[in-house]
Amino acid sequence: MTELVHTPAELEASIGHPRTLALVPTMGALHDGHLSLVRAARTTGSPVVVSIFVNPLQFAPGEDLDAYPRTLSADVALLESEGVDAVFAPSVATMYPAGPRTTIHPGPAGMILEGASRPTHFAGVLTVVAKLFALIRATDAFFGEKDYQQLVLIRQMVADLNMPVRVHGCPIVREESGLAMSSRNRYLSADEARTAEILSRALATGSVEKARSLIDASPDVNLDYLALTTPDLREVPEGFRGPARLLVAARVGATRLIDNAAVEI
């Protein structure tokens, strides 16, 4: 049975102090992409904890914090069907009892792409992830590649701050149409969802020029950025050959979507 707990003390009473523990951090409104992370976590053989916390630190003023979908009961039911040991759903007061006094700066790699559009976002992400690692005592943590820049920065934080956590990146899970699964997809109307399919088709070209041409031909897609980087988000040097990453962010209607794909140069 999956236990729903709200404080670190309740979590400790539920699962004790296992030698290894797998964590899947989420903000809830779960979909098959999240469940793929849970299934990957279960392969470790460790107890699995899923956190559900809509983190106010990663939302700037005017973003969708208040509107972000909150579906805790349905999420817990899904996680119970996946054999999760515990769901940790803390309050803001539990996570930040003295307010957001200390945060983790993401460095230069957090100032580009998503960071250029949302300059406080990754400090909020890294801070809450670091706190979850410490509160839950995770030895393994699972993140989706859909939020690719986030994954790179979490790996950077773990390496730079010598955190004893293994970070696992898991492949993007997509709708049949190719649209990357996201909790924000539920904001899209049926017509907008069809329009948004252009993003995955653009990435599939493997080329910035071809991708931009496809997106520019769709007047209902408002491009934020389209970038080709090395796998660690550095600028691709002239004459580079090898693996790279093509990343995109765009608005379809009022909904901002991100996606990315591995490419070979």
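Residues numbered from 1 in each chain as written. Predicted model: local features only at pLDDT ≥ 70, side-chain atom pairs only at ≥ 80, totals over all residues. Heavy atoms only, no water.

## Some thoughts on the nonpolar core
Move 1: Judged by nonpolar contacts, the single largest core of 33 residues is most densely connected at Val 49, Val 129, Phe 133, Ile 136, Phe 143 and Ile 154.
Move 2: Of all the secondary-structure elements, those providing two or more residues to this core are helix 1 (8-15), strand 4 (86-88), helix 6 (121-136), strand 5 (140-144) and helix 7 (148-160).
Move 3: Ranked by residues supplied to this core, first place goes to helix 6 with nine residues.
Move 4: Setting aside its immediate chain neighbours within four residues, Phe 143 contacts Pro 25, Leu 37, Val 129, Phe 133, Gln 150, Leu 151, Ile 154, Val 167, His 168, Gly 169 and Cys 170.
Move 5: Core analysis: the second largest hydrophobic core is formed by 20 residues, Ala 202, Ile 215, Leu 246 and Val 263 among them. (Core = buried A, V, L, I, M, F, W, Y, C linked by side-chain atoms within 4.5 Å. Buried < 20%, exposed > 50% of the residue type's maximum accessible area, 1.4 Å probe, protein only. Helix = DSSP H or I, 4+ residues; strand = E, 2+ residues; numbered from the N terminus. Contact = heavy atoms within 4.5 Å.)

## So, the layout of surface pockets
Move 1: Taken as a whole, the largest pocket holds about 1,000 Å³ of empty space.
Move 2: Of all elements in the fold, only strand 2 (22-26), helix 2 (32-42), helix 6, strand 5 and strand 9 (255-264) reach the threshold of two or more residues within the lining of the largest pocket.
Move 3: Here the lining of the largest pocket is built from residues that sort into 23 nonpolar, 17 polar and 10 charged.
Move 4: Counting contributing residues per domain, the lining of the largest pocket is built from domain 1 (3-170) and domain 2 (185-264), each supplying no fewer than three.
Move 5: Tallied by class, the residues present in the lining of the second largest pocket amount to eight nonpolar, four polar and two charged. (1 Å grid on protein atoms, 1.4 Å probe; cavity = no way out; pocket = protein on both sides within 12 Å on 5 of 7 lines; lining within 4 Å. Points joined across faces, edges and corners; volume = space filled by probe spheres on them. Nonpolar A, V, L, I, M, F, W, Y, C, P; charged D, E, K, R; others polar. Domains from an automatic or database assignment.)

## Here we look at the packing of helix 6 against helix 7
Move 1: Contact pair helix 6 / helix 7: the axes reach a minimum separation of 10 Å and the direction vectors enclose 55°. The orientation of helix 6 relative to helix 7 falls into the category oblique. As helix 6 runs across helix 7, the sense of the crossing is right-handed. Along its contact with helix 6, which presents Phe 122, Val 125, Leu 126, Val 129, Ala 130 and Phe 133, the element helix 7 presents Gln 149, Gln 150, Leu 153, Ile 154, Met 157 and Val 158.
Move 2: Taken together, the residues of the contact of helix 6 with helix 7 sort by class into 10 nonpolar, two polar and no charged. (Axes fitted to C-alpha atoms, helices over the stretch in contact; angles between N-to-C directions. Parallel < 35°, antiparallel > 145°, perpendicular 65-115°, else oblique. Left-handed = near helix turned anticlockwise from the far one by under 90°.)

## Points about the domain arrangement of the protein
Move 1: Split into domains, the protein comes out as domain 1 (3-170) and domain 2 (185-264).
Move 2: In this structure, domain 1 and domain 2 have C-alpha centres spaced 25 Å apart.
Move 3: Taken together, the contacts link 19 residues of domain 1 with 14 residues of domain 2.
Move 4: Taking both partners together, domain 1 and domain 2 bury about 1,400 Å²; carbon and sulfur atoms supply 55% of that area.
Move 5: When the buried surface of domain 1 facing domain 2 is broken down by residue, Leu 113, Glu 114 and Tyr 148 rank first, second and third, together holding 43% of it.
Move 6: Here domain 1 is connected to domain 2 by two salt bridges.
Move 7: Between the two partners, domain 1 and domain 2, sit 10 residue pairs in polar contact (both at pLDDT 80 or more).
Move 8: Every element with two or more residues in the side of domain 1 that touches domain 2 is listed here: helix 5 (114-117) and helix 7.
Move 9: It is helix 7 that provides the largest number of residues to the side of domain 1 that touches domain 2, a total of three residues. (Buried area = accessible area lost by both parts, 1.4 Å probe. Salt bridge = Lys/Arg side-chain N within 4 Å of Asp/Glu carboxyl O. Polar contact = N/O pair within 3.5 Å; in protein donor to acceptor, adjacent residues only side chain to side chain.)

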